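One letter stands for each residue in the lines below.
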Amino acid sequence: MAYFDASSAVPLHPVARQALLASLDEGWADPARLYREGRKARMLLDASREAAAEAVGCRADEVVFTSSGTRALHTGVAGALAGRRRVGRHLIVSSVEHSSVLHSAEVFEADGGTVTRVAVDRAGAVDPAGYASALRADTALACLQSANHEVGTVQPVAEVAEVCRAAGVPLLVDAAQSLGWGPVEGDWSLLAASAHKWGGPSGIGLLVVRKGVRFAVQGPVDERESGRAPGFENIPAIVAAVASLRAVRAEAAQEAVRLRGLTERIRARVPELVPDVEVVGDAVRRLPGIVTFSCLYVDGEALLHELDRAGFSVSSGSSCTSSTLTPSHVLKAMGVLSEGNVRVSLPPGTAEADVERFLEVLPETVAGVREKLGAPAPVARGSAEELLVDSLGKRCPVPVIELAKVFGRVPVGGTVRVLSDDEAARLDIPAWCEMRGQEYVGEEPAAGGTAYLVRRVS
């Protein structure tokens, strides 16, 4: 079985396993106690904090260990906003942030705060000018991920940090996907990360709050972790998390070159091997191990199941794989095709042979899913100049399949009007037009759903 979902979690690094087992016998006691066992635990905790600070590029007393990366982000966002409440109640985030940041923004908004969501380009990157224009006199905090978890695009953190610093606004960076590859550049103010993203044990997060940043912890606090992460520290897991971070960093430069070569191979060959595919994300400014593509006329859930049966563990941002039938917020913000979406994220040590086997299996797998789907015959009526396709009640990717089946029946200049009540159609029909070089005219309300109008230009 080839595991290609490192963006979700990386298998436990051998160094992490060794450190975890070794510290179980020494790190079980309360590090706040002065007796021998407590002092041993404190030494392990302090040494881990020093090592983590070195890896991040900050002071040891700026590092807090939390129960998860999500908890680190929630704590960081809430604490920074509360600490700067007198400045104002305005928060800036990008439209492609991890859901944990967006959920924090929603809670803040529900509590009376205002949120500006900065748009991204078709590659998934923000423009620093977007943050500059979003800054206001009452802005308390800005948030930006170092790299996107779904498409691998690396964000211009240093440039955005400079813009925020000039305005006196702290920038919180979600470094979950990138910290294992290297420190985050730029004059950021807060940073969060998650150990299971770099081969550490799950349940350990990292929160860094630079000195001088106004920060007010929300909720009950105690004396542990500067009051910012209440509860007894899981010292063996912390030791393992930091040991694995140091280990992957030592291998990062060489492994990044190797994985980048493998993902470049996937990016180049998938469109050659599989028709009607859109490879998404920035082609250059990207993490080494992530490559994402979407396949027209494919049910994403069926494709993932078939790849799993073929021996490949991959993930997807396709609405076809979710119970809400709503496309990934990342793909939606980028304006790219969402149906049949596949994210391949290679963990360190991925064998070249596994990538080659994936490229061999993929074309037949996609073709099989398309054949099994057997798109139903569309209901079409109207003049030769315009056809109406009724796809109400039909889900991704059927509306696009029905559009493609009838499109050749209208002359150049003619239009097809697609009726759909599937939210994914709002993203996938314009994406189909982009891929096919046809004109997407727009949408309008229709009985039972929305009408999407496409004009044939070639």
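Here, the structure is the one placed above.
Attention here is on the structure that accompanies the text. Since the structure is predicted, the reported quantities are computational estimates derived from the model, not experimental observations. (Residues numbered from 1 in each chain as written. Predicted model: local features only at pLDDT ≥ 70, side-chain atom pairs only at ≥ 80, totals over all residues. Heavy atoms only, no water.)

Quick notes on the overall build of the protein chain
Stage number 1. Across its full length, the protein chain holds 12 helices and 17 strands.
Stage number 2. For 458 residues, the compact-globule estimate of 2.2 N^0.38 gives 23 Å, and the protein chain sits close to it at 24 Å.
Stage number 3. Dimensions along the principal axes, computed over C-alpha positions, put the protein chain at roughly 85 × 55 × 35 Å.
Stage number 4. Burial status across the protein chain gives 54% buried among its 458 residues.
Stage number 5. For the protein chain, long-range pairs separated by at least 24 residues make up 72% of all intrachain contacts whose partners lie at least 6 apart in sequence. (Helix = DSSP H or I, 4+ residues; strand = E, 2+ residues; numbered from the N terminus. Rg over C-alpha atoms; globule rule 2.2 N^0.38 Å. Buried < 20%, exposed > 50% of the residue type's maximum accessible area, 1.4 Å probe, protein only. Contact = heavy atoms within 4.5 Å.)

Side note on the sheet that holds strand β6 (residues 171–174)
Strand-to-strand pairing in sheets goes through backbone hydrogen bonds, with the strands running parallel or antiparallel.
Stage number 1. An order of β2-β8-β7-β6-β5-β3-β4 is seen for the seven strands of this open sheet, with the pairing classed as mixed. Edge strands, defined here as strands with exactly one partner in the open sheet, are β2 (63–66) and β4 (114–118). Averaged over neighbouring strand pairs, the angle between their axes works out to 20° when direction is ignored.
Stage number 2. Helix-sheet contacts for helix α2 (residues 36–56) involve β2, β7 (190–194) and β8 (205–209), and the interaxial angle to β2 is about 110°. (Pairing = 2+ DSSP bridges. Axes fitted to C-alpha atoms, helices over the stretch in contact; angles between N-to-C directions.)

Focus: unusual backbone geometry
Stage number 1. The step from Cys396 to Pro397 runs through a cis peptide bond, and the omega angle for that step is 5°.
Stage number 2. Looking at the secondary structure, you find Pro397 in the loop between β14 (386–390) and α11 (398–407).
Stage number 3. Phi is positive for Ser226, which is not a glycine, with a value near 60°.
Stage number 4. Inspection of the secondary structure assignment puts Ser226 in the loop between β8 and α7 (235–273).
Stage number 5. Phi is positive for Asp276, close to 60°, though the residue is something other than glycine.

Considerations on the pattern of salt bridges
Stage number 1. According to the stated counting rule, one finds 30 salt bridges in the structure shown.
Stage number 2. For the salt bridge of Asp5 with Arg343, the shortest nitrogen-to-oxygen distance reads 2.8 Å. Here Asp5, found in the loop between β1 (2–3) and α1 (14–24), pairs with Arg343, found in strand β12 (residues 341–345); they are 338 residues apart in sequence, far enough to count as distant.
Stage number 3. A salt bridge links Glu233 to Arg224; the shortest N-O distance between them is 3.3 Å.
Stage number 4. What emerges from the salt-bridge pattern is a single network uniting Asp30, Arg33, Arg224 and Glu233. (Salt bridge = Lys/Arg side-chain N within 4 Å of Asp/Glu carboxyl O.)

Structural notes on the packing of aromatic side chains
Stage number 1. In total, this model carries four aromatic pairs according to the counting rule given.
Stage number 2. Plain terms: the ring middles of Phe4 and Phe358 are 5.9 Å apart, the flat faces sit at 70° to each other, and that makes the pair edge-to-face. In this pair, Phe4 sits in the loop between β1 and α1 while Phe358 sits in helix α10 (residues 352–373), placing the two residues 354 residues apart along the sequence. Comparing Phe4 with Phe358 shows no difference in burial state: the two are buried.
Stage number 3. An aromatic cluster of three or more residues is present, and its members are Phe4, Phe312 and Phe358.
Stage number 4. For the cation-ring pair, Arg210 lies above Trp188, with the distance from its terminal atom to the ring centre recorded as 4.0 Å. (Phe/Tyr/Trp six-rings, centres within 6.5 Å; stacked < 30°, edge-to-face > 60°. Lys NZ or Arg CZ within 6 Å of the ring centre and 35° of its normal.)

As for the pairing of strand β10 (residues 290–295)
Stage number 1. Judged by how many residues are buried, β10 sits mostly within the fold: six of six residues are covered.
Stage number 2. Sheet topology places strand β9 (residues 277–280) next to β10; four bridges connect them, and they run antiparallel. Note that in β10 the partner of Glu278 across the bridge is Ser294.
Stage number 3. With five bridges connecting them, β10 and β12 associate as antiparallel partners. In the sheet register, Ile290 faces β12, and the bridge partner there is Ser345.

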